[in-house]
Amino acid sequence: VSTPAGDDRAAIDAARLGMVYFLSLSSVTNAVQAWTPSSGPWVFLAWAVALAASLLAAERVAPALETIDAVRRNRILVLSAIAYFGLVLPSMVSAVTNPISGPTPTLTNVLAILQAAFLVSSRLSEGIGAVLTNALLLSLLACLRGGFVGGEAAVVAVASLGCFLVFDHYSRTLAAYPAGPGSRLGLAWKDTAAMVLPAVALVSLLVVAVPAEPPPGRTISVRRSGERDIDWRILRAVMIVWVGGTSAVYVAGRFMRRRRPDEEAILEVLDPIRGHVERIVPPPEAQTPVAYPGSRGRIVRAYARVLSEAAQSGVPRAPGVTADEFAHVVGEPRGPVASLTDAFVRARYGPTDPTETDVLAAESAAAEVIESLRRRGLRDRPRPPAHQVS
Amino acid sequence: MTGARTSPHRRLLVFAALGAGIAGLVTASTALVAASLGCALFFFQAWLLRSRGLDGLRVQRQVYGAAFEEDMVGVDLLLENHGAREGRLIVIADTFGPGLASTQVALEPGPLPPQRRRRLQYRTFCSRQWGMYTVGPLWVGTWDPMGLFHAQRRLEQVAPMALYPRVHEITALGARTGRAALSPEELSAPRTGQSAFYLGVRDYWPGDDWRSIHWPAMARRGEPMVREREVDLVPPFTLFVDLHREGRAGVGTKSTLEYVVRVGASLLWTATRRGQSVQVVGEGADPLLVPAGRGEAHLSHALFELIHARQDGDTSLPDLVERYLPHLHSGSAAALVAVTTAVDLARIGYLLETFRTTNLQPLLIFVDGDSFAPLHRPRVTRAEAEGRRQAFVQFLDEAGVPGVVLGIEQELAETLPRPDLFGVRA
């Protein structure tokens, strides 16, 4: 599967591949570290190489596996699942009930080898349920060991599982819905941190606060360093193998999923067109009324009070209606309405300021009109004239 | 906010959390219990974050309300984030009725900061048959970062969309109704005529059409006034559509209504593309009247009315033509689209004679209703149907009138563009 240039789906896919590897490698190394006393740094390195080779081999054998028809593929999957659970579940029950003298070391090695096999055949099915299940069982075995190794296995299992789930979600979503070019790797890392860190903190707190002693009577390598259950040499080697291996798988995944210049897209889909991110323009604020100073302002305010009262009475003044037309609409009382309208027009547009007498007359007329409008109420409100179109 | 889509790993995570918890309790393993609680915390966080920022998301759809069959349509979705959180991996699902793939999904991967918006556009085909459809409602949804839970909100934005029939250029129409001009030309002249352009108002003269009375001017002057229009230099094209209920025959894409609407749409399209003004007349239970006009907007209006036509009228086509004949412009062309060949040929002949005396150019397109499955009338024998058809063709030949008879066996996509569609009778 190749991805178009400029699309960071390839980076997300490669990161998901890296997380699958990290989950597999951490579960295998933790289980081996817990139950195989002779494990040294070279063993972990060998497992890292083997799992990486399995994962990258899966990318190569994927086209061949996809040619198997669905019926045969389902038959293989069902038989494999029956064989797997038939073999593993009794052994797991035995290991859980009796971890020391049971078949735990053998089971660990078998599951570790199966992990590599599941990685190779991971493209046989749409999901990677087998890889995840096996990795979780390996982590469960490692946790059963108890002590620092068990605690560390719990923390790393939760962290790797969380990282995988986030990147897997991004990868599946971007594959299902074409999103166009853009960088989402940073978003995925942010989400990973937001989801995984609290869980890791919780698990760490619990294993530190309530440490579990390893089962007695079992000598393993990590106990050789003395009183403490930590072998820093092993731990350092494991950390280096995890980080180095995951990084190498990520780089290899990017390389393998790059788009070749002469390669055409398999299927032309109508990707949605995406515009630029724009700021939402807030709705314009209500205009503040113009303040008219002096005697002109007093008349204009008196007229505005009449307009407000008329609007409440059901006779709003439309924007295109002149003062004279509105006076005709209001009608009664004709005298005060006419004198107020005349005073308003002269105050609003006239060349000279109105006198105090004019202002008092206008305010008196406005009071009369308002009183009339209130008495009239909504029932017998004046009707606006029919709209005329020429 | 409804529902949750299960992530493929959700069930596995549930089993892992439960299994680790039980095994931890059985073996008194703190690590397993802690791992179980860590998984449980994933679930809790995912459930809390499943609708992160969803309430602040608003979507507006912008789409032109009409299209032709098989057109590719672009639908703009304006995604706005009015919330306080950054939006990411936002899925918008829209229901596009005119397409067979009715649900269209677009992803805004984000980040979409607060108080920002982004325009997304999905493109889809109008793959259904002509008619009225709806676009919407919309769904906007988000996931938690792990994809364990999905939350979505339904936005009641439903808009109608008219889907017009696919049209075909009827090249034969040009030879009958004049040529399209490649150079700019005057469509009307400023002297009294019957165009759609307004010239002025004058006093009423006896004999003036009452429909041309200018009522506001009459109210001002206190005496009857009438509108005057400019004369048309390009006479309008009139489409008469037979919507008589007895013409119903056939079902689905092989029905007389289907043929009438498709032929009518193609005629209107061709005439409009040639710069002519077009008008449509039909009489169903509801009248189909589109006044003369030109341009894309008018064509869209005419097609909108045409796809709403139903064969439920009581007026026969000859009656309809006779009723509207006085209002046709001299020198203009009129297409008569009928749904049966069982017509009174003598009456048609009389109508054609009237057309000739008033300098009108007739165009007869008769859909042979007998060739379709009968619905409301007894089936006629094959010989009888063929006899009617031949008689009608012979009538056209003798009258020297351009026309065509379309049967169920003729595919409109192949027949209508033919240059010799109307024969060589004229």
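Attention in this report is confined to the structure presented alongside it. (Residues numbered from 1 in each chain as written. Chains lettered and ligands numbered in written order. Predicted model: local features only at pLDDT ≥ 70, side-chain atom pairs only at ≥ 80, totals over all residues. Heavy atoms only, no water.)

**What to know about helix H2 (residues 30–49) of chain B**
Here H2(B) is 20 residues long and its end C-alpha atoms lie 28 Å apart, about the 28 Å a rise of 1.5 Å per residue gives. Turning to H2(B), its buried residues are B:Thr30, B:Ala31, B:Leu32, B:Ala34, B:Ala35, B:Ser36, B:Gly38, B:Cys39, B:Phe42, B:Phe43, B:Gln45 and B:Ala46. The elements touched by buried residues of H2(B) are helix H5 (129–144), helix H6 (147–176) and helix H7 (185–209) of chain A together with helix H1 (10–27) of chain B. (Helix = DSSP H or I, 4+ residues; strand = E, 2+ residues; numbered from the N terminus. Expected span 1.5 Å × (residues − 1). Buried < 20%, exposed > 50% of the residue type's maximum accessible area, 1.4 Å probe, protein only. Contact = heavy atoms within 4.5 Å.)

**A word on the environment of B:Glu69**
All names here are of chain B. Within the secondary structure, Glu-69 is located in the loop between strand S2 (66–68) and strand S3 (72–81). The spatial distance from the C-alpha of Glu-69 to the C-alpha of Ala-17 is 54 Å, given a sequence separation of 52 residues. Those residues in contact with Glu-69, other than ones at most four positions away along the chain, are Cys-126, Arg-128, Gln-129, Trp-130, Leu-163, Tyr-164, Pro-165, Arg-166 and Arg-262. Within the structure, the side chain of Glu-69 is placed 2.7 Å from the backbone nitrogen of Trp-130, a separation counted as a polar contact. (Polar contact = N/O pair within 3.5 Å; in protein donor to acceptor, adjacent residues only side chain to side chain.)

**A few points about the interface of chain A and chain B**
Tallying the contact residues gives 55 residues for chain A and 58 residues for chain B. Counting each side, the surface lost to burial between chain A and chain B is near 4800 Å², with a carbon and sulfur contribution of 70%. Its largest share of buried area at the contact with chain B, chain A owes to A:Tyr177, A:Met195 and A:Ile280, together 15% of the area lost on that side. Notably, a salt bridge pairs A:Glu278 with B:Arg117, separated by 3.2 Å at the nearest N-O pair. The tally of links between chain A and chain B comes to eight residue pairs in polar contact (both at pLDDT 80 or more). Those elements that place two or more of their residues in the side of chain A that touches chain B are H5, H6, H7 and strand S1 (273–279) of chain A. Here the side of chain A that touches chain B takes 15 residues from H6(A), the largest share from any one element. Grouping the constituent residues of the side of chain A that touches chain B by class yields 36 nonpolar, 10 polar and nine charged. Pairing geometry for S1(A) and strand S6 (residues 116–125) of chain B, over five bridges, is antiparallel. (Buried area = accessible area lost by both parts, 1.4 Å probe. Salt bridge = Lys/Arg side-chain N within 4 Å of Asp/Glu carboxyl O. Nonpolar A, V, L, I, M, F, W, Y, C, P; charged D, E, K, R; others polar. Pairing = 2+ DSSP bridges.)

**Things to note about the packing of aromatic side chains**
Applying the stated criterion to the full structure yields 11 aromatic pairs over all chains. Summarising the aromatic geometry, the rings of A:Tyr84 and A:Phe85 are spaced 5.1 Å apart at their centres and angled 75 degrees between planes, so their arrangement reads as edge-to-face. Overall, A:Tyr84 belongs to the buried group, its relative accessible area being 8%. Here B:Tyr259 and B:Phe372 contribute two aromatic rings whose centre-to-centre distance is 5.0 Å and whose plane-to-plane angle is 85 degrees, an arrangement assigned as edge-to-face. Of this pair, B:Tyr259 sits in helix H5 (residues 256–273) while B:Phe372 sits in the loop between strand S18 (361–367) and helix H9 (382–399); the two residues are 113 residues apart in sequence, bridging distant segments of the chain. Given a relative accessible area of 1%, B:Phe372 falls into the buried group. Among the aromatic residues, ring-to-ring pairing joins A:Tyr84, A:Phe85 and A:Phe118 into one connected group. Across the ring face of B:Trp47, the terminal group of B:Arg50 is positioned such that the distance to the ring centre comes to 4.6 Å. (Phe/Tyr/Trp six-rings, centres within 6.5 Å; stacked < 30°, edge-to-face > 60°. Lys NZ or Arg CZ within 6 Å of the ring centre and 35° of its normal.)

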